[in-house]
Amino acid sequence: MDFKFLKFRLCMVAFLSLLSKSTVKSGSLDWEDCGTKINVTDLRITGCTKQPCIFNNGEEYSLEFDAVSSRSSLKLPYSVTASNLFQFDISEGDACSELSHGSCPILKEGQLLTFAKKFIISLPFPTPSTFPATVVAQMDDDSGEKILCAKMQIEIKSKQSSFAFGLFNFWV
């Protein structure tokens with residue numbers, strides 16, 4: 001067998017292995033893992049069955065995920081941010097107060113947890129009819145170590161009506 005061909009095949013196997021590890025399938029939604037150390041078994045977002053999730057600006061949605069803890073922790077600070085050209089906060093807090101199954105302190109590895117949060121998509125600026133963004137959700141343990149990091153592509157639809165006038169859009 002040709003050495004260059006073997007080297008190419010090994011590189012492709014390594015590359016495909018990395019790709020398969022970076023995207024996680026939980027329930028019906030795929031998300032990009034950016035440093036998760038807990039086992040997320042399911043992810044549910046109202047109105048979203050595939051990426052990009054499409055949200056209407058100003059409306060309420062609910063996010064739930066099921067996970068198995070990987071370590072003990074007294075608190076679980078989290079943040080959810082969205083970014084396009086700049087970053088803005090969607091939600092932040094202590095996930096311990098958002099658990100619908102399980103409780104803090106998490107005393108042992110392997111504890112089943114369900115995080116449930118309602119949130120309103122509210123852009124702090126006028127937008128075109130559709131605004132694409134990348135959402136990053138991060139959760140830390142009480143020592144500040146990242147235990148969950150997930151990225152998803154979303155689109156936010158504006159409720160404002162717009163009409164084109166030459167090269168400019170006006171919002172009413």
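Our subject is the structure that appears above.
A quick note: this is a predicted structure, and the numbers were derived from the prediction, not measured.

> Can you tell me about the sheet that holds strand S3 (residues 39-45), naming the residues and giving the values?
Read across the sheet, four strands follow the order S3-S5-S9-S8 without closing on themselves; strand pairing throughout is antiparallel. Of all strands in the sheet, those bounded by a partner on one side alone are S3 and strand S8 (99-101). This sheet shows a mean twist of 25° between the axes of neighbouring strands, independent of strand direction. Of the pairings in the sheet, the one linking S3 to strand S5 (residues 60-68) comprises six bridges and is antiparallel in character. Paired with Arg44 across the strands is Glu64, a residue of S5.

> Just give me the short version of the pairing of strand S6 (residues 77-83), but keep the residues and values in it.
One ladder, built from seven bridges, connects S6 with strand S7 (residues 87-94); its direction is antiparallel. Bridging from a neighbouring strand, Ala82 pairs with Phe88 of S7. Of the pairings in the sheet, the one linking S6 to strand S10 (residues 130-140) comprises six bridges and is antiparallel in character. Residue pairing across strands places Val80 opposite Ala137, the latter belonging to S10.

> Which residues make up unusual backbone geometry, and what values do they have?
Gln51 connects to Pro52 through a cis peptide bond whose omega is -5°. Locating Pro52 in the fold gives a position in the loop between S3 and strand S4 (53-56).

> Any details on the pairing of strand S11 (residues 146-157)? Residues and values, ideally.
Where strand S2 (residues 29-33) meets S11, two bridges bridge the pair, whose relative direction is antiparallel. Bridge pairing links Asp33 to Ala150 in S11. In this sheet, S11 lies alongside S4 in parallel orientation, the contact comprising four bridges. Its bridge partner being in S11, Ile54 is matched across the sheet by Glu155. Note: S10 against S11, 11 bridges, orientation antiparallel. By the bridge assignment, Thr130 is partnered in S11 with Lys157. If you look at the hairpin formed by S10 and S11, you'll find five residues sitting between the two strands, and Gly144 has a positive phi there, around 90°.

> Kindly report on the state of the cysteines, identifying the contributing residues and their values.
Counted under the stated rule, the structure contains three disulfides. Here Cys34 is linked by a disulfide to Cys149, with a sulfur-sulfur distance of 1.9 Å. Torsion about the S-S bond of the Cys34 and Cys149 cystine: about -85°, corresponding to left-handed handedness. In this pair, Cys34 is assigned in the loop between S2 and S3 and Cys149 in strand S11, connecting sequence segments 115 residues apart. By relative accessible area, Cys149 is classed as buried at 5%. Here Cys96 connects covalently by a disulfide to Cys104, the sulfurs 1.9 Å from one another. The sign of the S-S torsion, about -75°, decides the handedness of the disulfide formed by Cys96 and Cys104: left-handed. Sequence-ordered numbering of the disulfide-bonded cysteines in the chain gives the connectivity 1-6, 2-3, 4-5.

> Give a description of the environment of Asp141 that names residues and reports values.
Within the secondary structure, Asp141 is located in the loop between S10 and S11. Spatially, the C-alpha atom of Asp141 lies 8.2 Å from that of Ser72, the residues being 69 residues apart in sequence. In this structure the side chain of Asp141 is engaged in a polar contact, spanning 3.2 Å, whose partner is the side chain of Arg71. Within the structure, Asp141 has its side chain in polar contact with the side chain of Ser143 (distance 2.7 Å).

> How would you explain the nonpolar core if you had to name every residue and give the values?
With 38 residues, the main nonpolar core has Leu43, Ile45, Cys53, Phe55, Phe65, Phe115 and Met139 as its most contacted residues. Of all the secondary-structure elements, those providing two or more residues to this core are S2, S3, S4, S5, S6, strand S9 (112-120), S10 and S11. Element by element, the count of residues in this core is highest for S11, at six residues. The contacts of Phe65, once residues within four sequence positions are left out, are Ile38, Val40, Asp42, Leu43, Leu113, Thr114, Phe115, Met139 and Leu148.

Thresholds applied
Residues numbered from 1 in each chain as written. Predicted model: local features only at pLDDT ≥ 70, side-chain atom pairs only at ≥ 80, totals over all residues. Heavy atoms only, no water. Pairing = 2+ DSSP bridges. Helix = DSSP H or I, 4+ residues; strand = E, 2+ residues; numbered from the N terminus. Axes fitted to C-alpha atoms, helices over the stretch in contact; angles between N-to-C directions. Disulfide = S-S within 2.5 Å. Buried < 20%, exposed > 50% of the residue type's maximum accessible area, 1.4 Å probe, protein only. Polar contact = N/O pair within 3.5 Å; in protein donor to acceptor, adjacent residues only side chain to side chain. Core = buried A, V, L, I, M, F, W, Y, C linked by side-chain atoms within 4.5 Å. Contact = heavy atoms within 4.5 Å.

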